[in-house]
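# Per-entry structural report
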Amino acid sequence: MTQPAAGEPDQAAPKGGHKRRERTGTVVSDKMTKTVVVRVEQVYRHPRYEKVVRRSRTFYAHDEAGTARMGDLVRIRETRPLSKRKRWKVVEVIQSGQGSPPGSEAST
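Residues numbered from 1 in each chain as written. Predicted model: local features only at pLDDT ≥ 70, side-chain atom pairs only at ≥ 80, totals over all residues. Heavy atoms only, no water.

Looking only at helices and strands, the chain has zero helices and five strands in total. Secondary structure of the chain in N-to-C order comes out as β-β-β-β-β. Within the chain, the proportion of its 108 residues that are buried is 20%. Restricting to contacts in the chain with at least 6 residues of sequence separation, those with at least 24 account for 48%. Put simply, the chain shows about 8600 Å² of open surface, and 47% of that area lies on carbon and sulfur atoms. (Helix = DSSP H or I, 4+ residues; strand = E, 2+ residues; numbered from the N terminus. Buried < 20%, exposed > 50% of the residue type's maximum accessible area, 1.4 Å probe, protein only. Contact = heavy atoms within 4.5 Å. Areas by Shrake-Rupley, 256 points an atom, 1.4 Å probe, with all protein chains shown as cover.)

Have a look at this one:
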């Protein structure tokens, strides 16, 4: 096997042979150190009733650099278990959100 060149990201599949899953979602909490909670929403049409159904699931993701903030759109990738609930890692911040939750501004 060849090693990736210096500075080139390692995109090879892990030893198990399967490709690591990636999801895109919104950061709903950044209160923990090096951890963010990401909500991934799935929108689909119900096969029988044709109604648009929204389902969401939350993932705990490792954010080593601490770049993701609340409201940001991020891409997360599956990784080895990092703690009891963390099995994902933040790959990149796709779009910056509003930063603070609504209603947290000081009222005058």
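Read on for the rest.
Quick look at the environment of Asp72 now. Note on placement: Asp72 falls in the loop between strand S3 (52-62) and strand S4 (73-78). By relative accessible area, which is 3% here, Asp72 ends up buried. Separated by 26 residues in sequence, Asp72 and Gln98 place their C-alpha atoms 7.5 Å apart. Those residues in contact with Asp72, other than ones at most four positions away along the chain, are Gly25, Thr26, Val27, Thr67, Val93, Gln95, Ser96 and Gly97. Only 2.8 Å separates the side chain of Asp72 from the backbone nitrogen of Arg69, close enough to count as a polar contact. (Polar contact = N/O pair within 3.5 Å; in protein donor to acceptor, adjacent residues only side chain to side chain.)

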